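Listed below are the residues making up each chain.
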Amino acid sequence: MPEWTKLIGVVIIVAGLALKLRTTLVVVIAAVVTGLVAGLPLFSRAGQEGVIDMLGRGFADNRLITLFLITLPAIGLAERYGLQDQSAQLIRRFRAATVGRLLIVYQLFRVLHGILGIRLNGHPIFVRPLIFPMSAGSLRAASAAELEQIKAADSASENYGNFYGQNLSPVLPGVLLVYGVLTGLGCQVSVWKLVFYAIPVTALSVILGAVQFLWLDRQLRRKGAK
Amino acid sequence: MNGLELVFGLTGLVLWGFAWLSFRETGQRHRLGSACFWFVLGGIFVFGSLLPHWVTGLLVLAMAAMDGAGWVGGGPLESGGKPGKLGDRIFLPVLLIPVVTFGTALVFRWLQLDAVRGALIGLGLGAVLAMAAGLALTRSTMAVMMREGHRLNEAMGAVNILPQLLASLGVVFAAAKVGDLIASGIRYAVPDNSLFLLVMANCLGMALFTIVTGNSFAAFPVIASGVLVPLLVKPFRVDAALAGIFTLTAGASGTLVTIMAANFNVVPVALLNMRSPYGVIRFQLPYAVVMWSCHVLLLWGLIRFR
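## Re the overall build of chain A
- Looking only at helices and strands, chain A features 10 helices and 0 strands.
- What you see in chain A, going N to C, is helices and strands ordered as α-α-α-α-α-α-α-α-α-α.
- Here the C-alpha atoms of chain A give a radius of gyration of 23 Å, more than 25% beyond the 17 Å that 2.2 N^0.38 yields for 226 residues.
- The principal-axis extents of the C-alpha atoms in chain A amount to approximately 75 × 40 × 30 Å.
- Sorting the 226 residues of chain A into buried and exposed places 57% on the buried side.
- Once local pairs closer than 6 in sequence are excluded, the contacts in chain A between residues at least 24 apart make up 63%.

## Observations concerning the overall build of chain B
- Across its full length, chain B carries 14 helices and 0 strands.
- The N-to-C order of helical and strand elements in chain B reads α-α-α-α-α-α-α-α-α-α-α-α-α-α.
- The principal-axis extent of the C-alpha atoms belonging to chain B is close to 65 × 55 × 40 Å.
- Residue pairs at least 24 apart in sequence account for 67% of intrachain contacts in chain B once pairs closer than 6 positions are excluded.

## Looking at the interface of chain B and chain A
- In this assembly, 120 residues from chain B lie in contact with 105 residues from chain A.
- Broken down by element, the side of chain B that touches chain A gets its largest block of residues, 15 residues, from helix 7 (residues 162-176) of chain B.
- Partitioned by chemical class, the residues of the side of chain B that touches chain A number 80 nonpolar, 33 polar and 7 charged.

## With respect to the environment of B:S293
Residues and elements named next belong to chain B.
- In this fold, S293 is placed in helix 14 (residues 279-304).
- Overall, the presence of 13 C-beta atoms within 10 Å leaves S293 in the partly exposed class.
- Between the C-alpha atom of S293 and that of S253, which follows or precedes it by 40 residues, the distance is 9.7 Å.

## Side note on the confidence of the model for chain A
- The pLDDT averaged across chain A works out to 88; a share of 95% of its residues lies at or above 70.
- Here helix 5 (residues 83-93) of chain A is the element of chain A with the lowest mean pLDDT, 75, and helix 3 (residues 51-61) of chain A is the one with the highest, 95.

## Considerations on helix 7 (residues 122-137) of chain A
- In this model, helix 7 of chain A (16 residues) spans only 20 Å end to end at C-alpha, well below the 22 Å of a helix rising 1.5 Å per residue.
- Within helix 7 of chain A, the axis deviates most sharply at A:R128, by approximately 40°, and proline A:P129 lies no more than four positions further along.
- Within the span of helix 7 of chain A, buried status applies to A:G122, A:H123, A:F126, A:V127, A:R128, A:I131, A:F132, A:M134 and A:S135.
- Tucked inside the fold, the buried residues of helix 7 of chain A contact helix 6 (99-115) and helix 8 (144-165) of chain A together with helix 13 (267-271) of chain B.

## A short note on unusual backbone geometry
- With phi around 50°, B:R237 is a residue other than glycine that occupies positive phi space.
- Within the secondary structure layout, B:R237 lies in the loop between helix 10 (216-236) and helix 11 (240-256).

## Topic: the nonpolar core
- A:V178 and A:L194 are the most contacted members of the largest nonpolar core, which totals 176 residues.
- Top element by residues in this core is helix 10 of chain B. It accounts for 13 residues.

## Examining helix 2 (residues 23-37) of chain A
Residue and element names in this part refer to chain A.
- A rise of 1.5 Å per residue sets the reference length of helix 2, with its 15 residues, at 21 Å; its end C-alpha atoms lie 21 Å apart and thus fit the reference within 8%.
- Burial within helix 2 is extensive, with 11 of its 15 residues counted as buried.
- Restricting attention to buried positions, one finds in helix 2 the residues T23, T24, L25, V26, V27, V28, A30, A31, V32, T34 and G35.
- A positive backbone phi angle near 85° is found at G39, which sits one or two residues after helix 2.

## Thoughts on the environment of B:G12
Residues and elements named next belong to chain B.
- Mapped onto the elements of the fold, G12 is located in helix 1 (residues 3-24).
- Here the alpha-carbon distance between G12 and G42, two residues 30 residues apart in the chain, equals 4.0 Å.
- Dropping the residues within four chain positions of it, G12 is found in contact with G42, G43, F45 and V46.

## Observations concerning the packing of helix 4 (residues 72-80) of chain A against helix 4 (residues 91-110) of chain B
- Interhelical geometry of helix 4 of chain A versus helix 4 of chain B gives an angle of 155° and a closest axis separation of 9 Å. The angle between the axes of helix 4 of chain A and helix 4 of chain B places the two elements in the roughly antiparallel class. The hand of the helix 4 of chain A/helix 4 of chain B crossing is left-handed. Residues A:A74, A:I75 and A:A78 of helix 4 of chain A touch helix 4 of chain B, and the partners they reach there are B:P93, B:V94 and B:I97.
- A per-class count over the contact of helix 4 of chain A with helix 4 of chain B returns 6 nonpolar, no polar and no charged.

## Regarding the confidence of the model for chain B
- Mean pLDDT over chain B stands at 89; residues scoring 70 or higher make up 95%.
- At the level of chain-chain contacts, confidence expressed as ipTM amounts to 0.86, with global pTM at 0.85.

Parameters at a glance
- Residues numbered from 1 in each chain as written.
- Chains lettered and ligands numbered in written order.
- Predicted model: local features only at pLDDT ≥ 70, side-chain atom pairs only at ≥ 80, totals over all residues.
- Helix = DSSP H or I, 4+ residues; strand = E, 2+ residues; numbered from the N terminus.
- Rg over C-alpha atoms; globule rule 2.2 N^0.38 Å.
- Buried ≥ 20, exposed ≤ 12 C-beta atoms within 10 Å, placed from the backbone.
- Contact = placed C-beta atoms within 7 Å.
- Nonpolar A, V, L, I, M, F, W, Y, C, P; charged D, E, K, R; others polar.
- pLDDT = per-residue confidence, 0-100.
- Expected span 1.5 Å × (residues − 1).
- Bend = angle between axes of the 7 residues up to and from the residue.
- Core = buried A, V, L, I, M, F, W, Y, C linked by C-beta atoms within 7 Å.
- Axes fitted to C-alpha atoms, helices over the stretch in contact; angles between N-to-C directions.
- Parallel < 35°, antiparallel > 145°, perpendicular 65-115°, else oblique.
- Left-handed = near helix turned anticlockwise from the far one by under 90°.

Written out as structure tokens, the structure reads:
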């Protein structure tokens, strides 16, 4: 078979995810098909490692990526006894005068989650019940267009803080995936160096976020003055 | 038995606990399938170093099939609990986890042992101490605590194992030399000696692949094996950690502008009842473009002028 047919695995991933099929199934099928097309045996034989063996080896060797599961009982228990309400209280104490400043604080708050190795989706937990009412409330009589802007900015603040903050922890899946893949490709890396090099990017993400949110403040002020 | 194996074992026990709770969930449609999935995953955690790789491989296929059949996940996210009167003290058990993680890593480093292992062993130790502290603080029971953990686990579902699965995909891609193929394609288009263009191709590939798949974690093994390692890290003797983490976050720019990342860009539109389905993406677009450009310039600069 021609060399390029090996790219079938990449095609399967792109097509499978675009069709919204189950990601786990798509990834495993892509792995098996790629291995077979490349002429690897299914199971190890005659000194050649099989595709299934590789899947098993990769999965067992990279258990460290999924270790965070062991923290779920403690976090779940804390949630039951008011962790989220208390977090909400914590944000409320930083009552900021403008939408932009509130969102800067919120982005930093989410980066802090990353540093602490806590992984969560803040849209339902913080943005909907808390950040949106606070940001809409700080602006009296906002127009529909302004509200739409504010909602978008609220969601963006969550995404910026979440995406770039999580790489500051050596035990979250982002850093551990990079560690696992690069080690598998024969590179010498340490998770501490990964975290170290993530610092400039995270700092930049916070600064750029601040610029955009303060710009939003300016726009809202101008419209309000008219 | 070393410390890390012990932590894997403990994680496996927690997963078996979740499996038992899934099994006990009468009335749940796929309780058996879900229980089976977490039981198998727990087994891989406990016995992963002892099982022959082909057995683990078959178990991985079985898990993917169970998730493909729609048996796993989709539980409610809300806790049934009531806000307590514990105040800020409720942060204590949760804060124990990172404090112990970093503390153990530091001790390992001080003893001149592997600090990566230290962090992971610390994570396990911190989780156990957090459980104990949480139980002492709330005067709750082990059963309640496991049920709360199970709730979080079910809400995330099989997505939990995706990064681990993608790392195994990377192993197969490396053996099939898929990376070399992509690398030779890019080498064909980009002159070998142009560091700037190679850095750009690396970051562009990562962002585009993430836009199409909606998942920067899925893009990373492909780009790392096809562009990053063969075309940048090896020929230019670049620090792999530096280039690796920059490549991953270059993908985040892709996540910010794609509707494929529904959790982040589409769900909030619904949650906040926005008028335009692209409202969040439109706001994030200029930020993503600037962030991406900064990645290219910074990565190039750090390699060129180190």
